[in-house]
Amino acid sequence: MKFLNKSLLEVRNDIVSKKIKAVDVVQESLSRINTLDKELNSFVALNDKALEQAEAVDKKIQAGENQGPLAGIPIAVKDMFCTKDLRTTACSNILKNFVPPYSATVVKRLEAAGAIIVGKTNCDEFAMGSSNENSAFGVVKNPWDRARVAGGSSGGSASAVAARLAFGSMGTDTGGSIRQPASLCGIYGIKPTYGRVSRYGIIAYASSLDQAGPFAGSTKEASEILKVIAGYDEKDSTSSAEAVPDWTQNISTDMSKMTIGIPKEYFGDDLNPEIKKIAMNAIEILKSKGAKTKEISLPHTKFAIPVYYLVATSEASSNLARYDGVRYGVRIPSSDINDMYAKTRGQGFGTEVKKRIMLGTFALSSGYYDAYYKKASQVRHIILKDFAKVFSEVDAIVCPVTTSTAFKIGEKIKDTISMYYNDIFTTSVNLAGLPGMSVPGGLASNGLPVGVQIIAPHFKEQTIFNISQTLEDNIEKKVPHGI
Ligand code: GLN
């Protein structure tokens, strides 16, 4: 590895100062994908124009034209983002032939910043899952141990960065899908505040929870990519007009004015002792750098999973109604239109997606709406109020991301409840629209990485990056064997 073992900030500067060529950097990324990804399965489509686009970046640099913050940098994009002329499937059979006529705002902004999209990454079908086992393209393998999952739903994006196939990647996080795979693959992944990043052109799962964010190999690379994609977009009415700060430039590791909240519900007796040890170690590091700590309570945490699975499935049942064999993707023909709908949806969607559409349709149906969807929305508001109260006393929360290290492929596939409860520490953050990040906290005794979660008030991503950098400076960096 000549380039991909370095930071994207360094490589970008070397490209812009003509020390190296974008085309060589992109070539290295493509060669690594061609060899290593045969086994990992993190990509489901490659951009055959990537080298051409890198050459165009080099030409611009030669001509002295102004270059963007990601000039010539290979980036991978989850298959939930529409990419013009590049197949986009949400890893579902129902969209297996879909080539979008336009790109998501996130993709456009990455390209405008000079990034080269090398390909589309594997994920759970319609981003529904925690292990990437629900993909029409098969499971993604964890670069740390190929018998284990990379996490989900953005498993391919996490695996690609952990294996250094690209400098960064894009994920979406509805209930943990950036933070959980980042934790399981030992890299950095941030879900920004709801509204920070435009959802335009991202295939919708649960619109009031979905947010896009980056995976990267360090704090500053993550903040740099987020800066490129964040900001108001007139095409998404839920995107925020809040100014986008220069997080990377403003990073401060002065922890002396920081109070960290430790939620007692996240550190219960049933917490895996190794996960606990790594989270507590991070808290000790922050304390040794001057931070104060405070035990806090988020008393409604126990309702987060049931509330999440009612809200998410209800919104999904409505969002996925558009896949009917008429406007998008695959159609199973029949002389009767109702039969055509039934066959297309019956054969096009996978088991987990169908299960969720049925659950969501039930929760929204008349007679049950008040008891399920409406009740869940009310409890969601109470969860938000728990956080608001806590954030009047502390600047950030530090806690676990997941309940375990990466599990074996197949281990939880039949145990839906255990799979769903994997998200116990991440879903509340989406329900409350808060920013949350997973930062590598060290290795467990089985040699697998464990992330630490940092949660901050709305639009306080700077606080998250400051804490992340402090941890990064004080925790030894580890990479998967053989990468
Ligand atoms: N694992 C959760 C689910 O299956 C979260 C997925 C996500 O964030 N997209 O819904």
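Throughout this description, residue numbers start from 1 for each chain and increase along the sequence as written. Only residues with pLDDT of at least 70 get local features here, since the model is predicted, and only at 80 or more are side-chain atom pairs given and counted; chain-wide, interface and lining totals rely on the full set of residues. Processing note: side-chain calculations cover all non-hydrogen atoms of the structure and skip hydrogens and water entirely.

Participant: So what's going on with the sheet that holds strand S11 (residues 396-400)? Which residues, and what values?
Facilitator: Pairing between strands is defined by DSSP: at least two bridges between the two strands are required. A run of H or I in DSSP counts as a helix once it spans at least four residues, and a run of E counts as a strand once it spans at least two, with each numbered from the N terminus. Strand order in this open sheet of eleven strands is S1-S3-S2-S6-S8-S7-S12-S13-S11-S9-S10, and the pairing throughout is mixed. Looking at which strands have only one partner, the edges of the open sheet turn out to be strand S1 (43-46) and strand S10 (292-296). On average, adjacent strands in this sheet sit at an angle of 30 degrees to one another, irrespective of strand direction. Direction of pairing for strand S9 (residues 259-263) relative to S11: parallel, over a ladder of two bridges. Across the sheet, the residue bridging to Ile 260 is Ala 396, located in S11. Angular values range over 0 to 180 degrees, each being the angle between N-to-C directions of two axes fitted as lines to C-alpha atoms, with helices fitted over their stretch in contact.

Participant: Residues and numbers for the state of the cysteines, please.
Facilitator: The bond known as a disulfide is covalent and runs between the sulfur atoms of two cysteines. Put simply, a disulfide is two cysteine sulfurs that come within 2.5 Å. Taken as a whole, this structure holds zero disulfides when the rule is applied. Of the cysteine sulfurs around Cys 91, a residue in no disulfide, the closest is that of Cys 123, at 3.8 Å. Think of it in three bands: residues with accessible area under 20% of the maximum for their type are buried, residues over 50% are exposed, and the middle band is partly exposed, with areas taken using a 1.4 Å probe on protein chains only. Taking relative accessible area as the criterion, Cys 123 reaches 0% and is therefore assigned buried.

Participant: Lay out the pattern of salt bridges with the relevant residues and their values.
Facilitator: Salt bridge, as applied in this entry: a Lys or Arg side-chain nitrogen positioned within 4 Å of an Asp or Glu carboxyl oxygen. For the coordinates displayed, the defined rule picks out 18 salt bridges. When the shortest N-O distance is used, the salt bridge between Asp 324 and Arg 327 registers 3.5 Å. Look at Asp 324 and you get buried, because its relative accessible area is 11%. One continuous salt-bridge network, built from bridges that share partners, spans Glu 224, Lys 227 and Asp 246.

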